[in-house]
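Listed here are the chains, written in short residue letters.
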Amino acid sequence: MTSRTGPAPRIDLHAHSTASDGTLTPAELVGAASDAGLDVLAITDHDTTAGWAPAVGALPPGLRLIRGAELSCRWSGAQPAVPLHLLAYLFDPDHPELVAELARVRAAREERGERMVDLLRADGVDVNWPDILAGAGGGTVGRPHLAQALIRAGLVGSVREAFGPDWLGERYRLPKEDIDVFRAVGLVRAAGGVPVFAHPRATRRGRVVPDELIAELAAAGLAGLEADHEDHSPAEREHVRALAAELGLLVTGSSDFHGTHKTVQLGAFSTSVEAYERIVAEGVTEVASG
Ligand code: AMP
Ligand code: ZN
Ligand code: FE
Ligand code: FE
């Protein structure tokens, strides 16, 4: 890609489909990426690779697809543990230990979702688990699916409101049985993948981890940090960039597109060709081309 002349390639390395909590099917997602003028898209559904095959099958000409996932992790160095997200690119989707771990997390998400529904119902909130599960359509279940049920019931007006402290942001939020982040970095590397810490400074989502932990993760195999993300303030983006430079990590920027479950659009943030090429060089799975 470096030999290309003309405008810089547009590279968006974080997007969700209906395989988790996005609203476009994997096929629609790659179509939308092409329509948005992207050159490279990464499909990164939560804790699953189920969207990979349908996305590859529908890949429009000219679009390259990085197959990835966003792993639900936790850091137990604080009490309670801090939840965090690890993007994993170009790993072997058949690596047995990683496959087992993702299946465990997806099952735990379903139990947690059902328990959150129980809490809501105990307070007289008219939502039910079968409808929410059906709304997830077989994809990895998450709070956005519960948010849709609250909207359908007329209890909140928007996803933003559903994620407020009175609802899924705090009062009815239960922890997930996430993967220890050091184990996750090790598993992704063992599966030939490239681990990148998603929105590491997103204070507006809740607690974040200290820089010292990120340095330890770098020593354990972390490849990069996502700096440009809508949940980072300009100062947070700069901080992440500086930390990455200090630790020799690559830096990405991405939309974290979720269809209509969020307002952000594909390509809203992008990644440099240099970072893209480092990821491709380190990953075991080929980039798919349309
Ligand atoms: P879960 O994985 O079930 O804890 O749900 C987290 C998901 O909800 C993530 O994919 C986020 O993209 C989404 N999310 C978190 N906070 C918000 C928010 N304030 N508004 C909309 N979506 C959010
Ligand atoms: Zn999500
Ligand atoms: Fe995330
Ligand atoms: Fe995400």
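Residues numbered from 1 in each chain as written. Chains lettered and ligands numbered in written order. Predicted model: local features only at pLDDT ≥ 70, side-chain atom pairs only at ≥ 80, totals over all residues. Heavy atoms only, no water.

Chemist: For the overall build of the protein, give the residues involved together with the corresponding values.
Modeler: Secondary structure summary: the protein contains 10 helices and 9 strands in total. Over its C-alpha trace the protein gives a radius of gyration of 18 Å, about what one expects of a compact globule, namely 19 Å for 290 residues. Of the contacts formed within the protein by residues at least 6 apart in sequence, a portion of 71% connects residues at least 24 apart. Approximately 12,100 Å² of the protein is accessible, and the part contributed by carbon and sulfur atoms is 51%. Across the protein, the centroid of the 27 positively charged side chains sits 2 Å from that of the 40 negatively charged ones. (Helix = DSSP H or I, 4+ residues; strand = E, 2+ residues; numbered from the N terminus. Rg over C-alpha atoms; globule rule 2.2 N^0.38 Å. Contact = heavy atoms within 4.5 Å. Areas by Shrake-Rupley, 256 points an atom, 1.4 Å probe, with all protein chains shown as cover. Lys, Arg positive; Asp, Glu negative; His and termini not counted. Charge placed at Lys NZ, Arg CZ, Asp CG, Glu CD.)

Chemist: So what about the site of ligand 1? Which residues, and what values?
Modeler: Contacts to ligand 1 come from 13 residues, most closely from His46, Arg109, Arg112, Arg143 and Lys262. Asp21 is positioned with one of its side-chain polar atoms (N or O) 3.2 Å from an oxygen atom of ligand 1. His46 is positioned with one of its side-chain polar atoms (N or O) 2.8 Å from an oxygen atom of ligand 1. For the shell around ligand 1, the elements supplying multiple residues, two or more each, are helix H3 (96-122) and helix H5 (143-152). Partitioned by chemical class, the residues of the shell around ligand 1 number 3 nonpolar, 3 polar and 7 charged. (Near = heavy atom within 4 Å. Polar contact = N/O pair within 3.5 Å; in protein donor to acceptor, adjacent residues only side chain to side chain. Nonpolar A, V, L, I, M, F, W, Y, C, P; charged D, E, K, R; others polar.)

Chemist: So what's going on with the coordination of the zinc ion (ligand 2)? Which residues, and what values?
Modeler: Coordination of the zinc ion (ligand 2) by the protein is provided by Asp21 (OD), Asp21 (OD), His46 (NE2) and His258 (NE2), with metal-donor distances spanning 2.0 to 2.6 Å. Counting along the primary sequence, the residues that act as donors to the zinc ion (ligand 2) give the motif D-x24-H-x211-H. Taken as a pair, the zinc ion (ligand 2) and the iron ion (ligand 3) lie 5.8 Å from each other. Placement of the pair is His46 in strand E2 (residues 40-46) and His258 in the loop between strand E8 (250-253) and helix H10 (273-282), with a sequence separation of 212 residues. (Donors = N, O, S within 2.8 Å, 3.2 Å for Na, K, Ca; no water.)

Chemist: Give me the lowdown on the coordination of the iron ion (ligand 4), citing residues and values where you can.
Modeler: Looking at the metal site, the iron ion (ligand 4) is ligated by His14 (NE2), His16 (NE2), Glu70 (OE) and Asp256 (OD), spaced 2.1 to 2.3 Å from it. For the iron ion (ligand 4), the 4 donor atoms in the first shell make angles of 76 to 164° at the metal, so the coordination geometry reads as irregular. As a motif over one chain, the donors of the iron ion (ligand 4) read H-x1-H-x53-E-x185-D. Taken as an interatomic distance, the gap from the iron ion (ligand 4) to the zinc ion (ligand 2) is 4.5 Å. Of the two residues, His16 is situated in the loop between strand E1 (11-12) and helix H1 (26-35) and Glu70 in strand E3 (residues 64-75); the sequence distance between them amounts to 54 residues. Judged by its relative accessible area of 0%, His16 is buried. Residue classification places Glu70 among the buried positions, given a relative accessible area of 1%. (Tetrahedral: all angles 85-135°; square planar, octahedral: opposite > 155°, others 65-115°. Buried < 20%, exposed > 50% of the residue type's maximum accessible area, 1.4 Å probe, protein only.)

Chemist: If you had to explain H1 to someone new, which residues and values would you point to?
Modeler: Looking at H1, one finds that the buried residues are Pro26, Leu29, Val30 and Ala33. Buried positions in H1, seen along its axis, are confined to an arc of 95° and lie on one side of it. Buried positions along H1 lie against E2, helix H2 (52-57) and E3. In the segment just after H1, Gly37 is the residue with positive phi, at about 85°. (Arc of directions from axis to C-beta.)

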